[in-house]
Amino acid sequence: MSDNTQLTQREQGGVASQESRQERRVTLAPSVDIIEDGHAVTLWADLPGVSKERLEVKVHDGSLTIDAESVVPVPSNLRLAHAEVRAPYFSRTFTVSEDFDTSKIDATLKDGVLKLTLPRREEARPRRIEVAAV
Amino acid sequence: MNGAFTGADLFKDLERLQRQMSSLFGGFPGSLRSTRPGMFPQVNIGSTDDTIEIVAFAPGLDANKLDVSIDKGLLTIAGERTTRDGQLPEGAREYAQERFNGSFRRVIELPQQADPDKVQARYVDGCLLISVGKRETSKPRAITVQ
């Protein structure tokens, strides 16, 4: 399978910063759906247990990073017997090409699902050029 | 031929093979009702002195359409998740489809001391929290001599 856009690729660069973060804590990569149409790329990410206050979406140097902490309100004296979700942190980075207007990214979070809309720059949108008959 | 690229493909093939094997044989032998990893929703289970706490990580569901039931010591969580309404819009391309889409059912065996009459369920930030009380019978009791 080949990667179709830069947006779908995991970030390869910035190894040093990635490693230092992983030393601090283990993170899970959230599942995503990504769709592109002529105007924008839309990304949905599953972030169960994440509230608005614990979510950080950053765009820096052509990369988009989603960082989140999942907080589940359970009793403090809980003894865990079976765990399929082992770390309460989510993190995933995508590279974003110059075609997208990162200042106009729209983000909404509802029931643990983050929806990001990255609009294309006006000049990068596909357009049809009318040929005038002479 | 670039070794780095063919190497990645090989790993992908191995990963797919492993997935197919585990879907055929159900992974580790265990309980009759144990399921393979990667099921939706993922579930964590713990207990306190008074309750059994179950957390299902099920984002993006309609809480009214969630079906939670207890029958003969089995807790069942069932429902359906549609991540997209109908078809892709015209001219749209799909680059990733990792999120679960479809109907699901997970069954959890509750321990003997679970009391099916004391169940509370909440849906918060895409997590289904189920709290099942434990029976009183395990508590020590003083018996009056007549």
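Everything here concerns the structure above.
All of the points below concern the structure found in this document. All of these numbers come straight from a predicted model, not from anything done at the bench. (Residues numbered from 1 in each chain as written. Chains lettered and ligands numbered in written order. Predicted model: local features only at pLDDT ≥ 70, side-chain atom pairs only at ≥ 80, totals over all residues.)

**Overview of the overall build of chain B**
Phase 1 of the analysis: Check the secondary structure of chain B and you find 1 helix and 8 strands.
Phase 2 of the analysis: Mapped from its N terminus to its C terminus, chain B presents α and β elements in the order α-β-β-β-β-β-β-β-β.
Phase 3 of the analysis: Taking all 146 residues of chain B together, the buried fraction comes to 19%.
Phase 4 of the analysis: For chain B, restricting intrachain contacts to residue pairs at least 6 apart in sequence, the fraction spanning at least 24 positions comes to 50%. (Helix = DSSP H or I, 4+ residues; strand = E, 2+ residues; numbered from the N terminus. Buried ≥ 20, exposed ≤ 12 C-beta atoms within 10 Å, placed from the backbone. Contact = placed C-beta atoms within 7 Å.)

**Thoughts on the interface of chain A and chain B**
Phase 1 of the analysis: At the interface, 35 residues of chain A touch 32 residues of chain B.
Phase 2 of the analysis: When residues of the side of chain A that touches chain B are traced back to their parent elements, those giving at least two are strand E1 (32-36), strand E2 (40-46) and strand E5 (79-83) of chain A.
Phase 3 of the analysis: Split by residue class, the side of chain A that touches chain B holds 18 nonpolar, 10 polar and 7 charged. (Nonpolar A, V, L, I, M, F, W, Y, C, P; charged D, E, K, R; others polar.)

**Brief notes about the environment of Thr95(A)**
All names here are of chain A.
Phase 1 of the analysis: Here Thr95 shows up in strand E6 (residues 89-95).
Phase 2 of the analysis: For Thr95, a count of 17 C-beta atoms within 10 Å corresponds to the partly exposed category.
Phase 3 of the analysis: Taking the C-alpha atoms as reference points, Thr95 and Thr65, separated by 30 residues in sequence, lie 8.6 Å from one another.

**So, the pairing of strand E7 (residues 114-124) of chain B**
Residues and elements named next belong to chain B.
Phase 1 of the analysis: Alignment of E7 against strand E8 (residues 127-134), held across 7 bridges, turns out to be antiparallel. Paired with Tyr123 across the two strands is Leu128, which belongs to E8.
Phase 2 of the analysis: Linking two consecutive strands that pair antiparallel, namely E7 and E8, is a turn of 2 residues; a positive phi of about 50° is found at Asp125 within it. (Pairing = 2+ DSSP bridges.)

**Focus: the pairing of E6(A)**
Moving residue by residue along a regular strand, the side chains alternate between the two faces of the sheet.
All names here are of chain A.
Phase 1 of the analysis: A large share of E6 lies buried, amounting to 5 of its 7 residues.
Phase 2 of the analysis: Two strands pair when backbone bridges link them, and strand E4 (residues 63-69) and E6 are joined in this way by 7 bridges, in the antiparallel orientation. Looking at E6, one finds that Leu64 is bridged to Phe94.

**Focus on the sheet that holds E4(A)**
In sheet architecture, strand pairing relies on hydrogen bonds along the backbone and comes in two forms, parallel and antiparallel.
Residues and elements named next belong to chain A.
Phase 1 of the analysis: Ordered by their spatial adjacency, 3 strands build an open sheet running E3-E4-E6, and the pairing between neighbours is antiparallel. With one partner strand each, in any of the chains shown, strand E3 (55-60) and E6 form the two edges of the open sheet. Averaged over all adjacent pairs, the angle separating strand axes in this sheet is 10°, with direction ignored. (Axes fitted to C-alpha atoms, helices over the stretch in contact; angles between N-to-C directions.)

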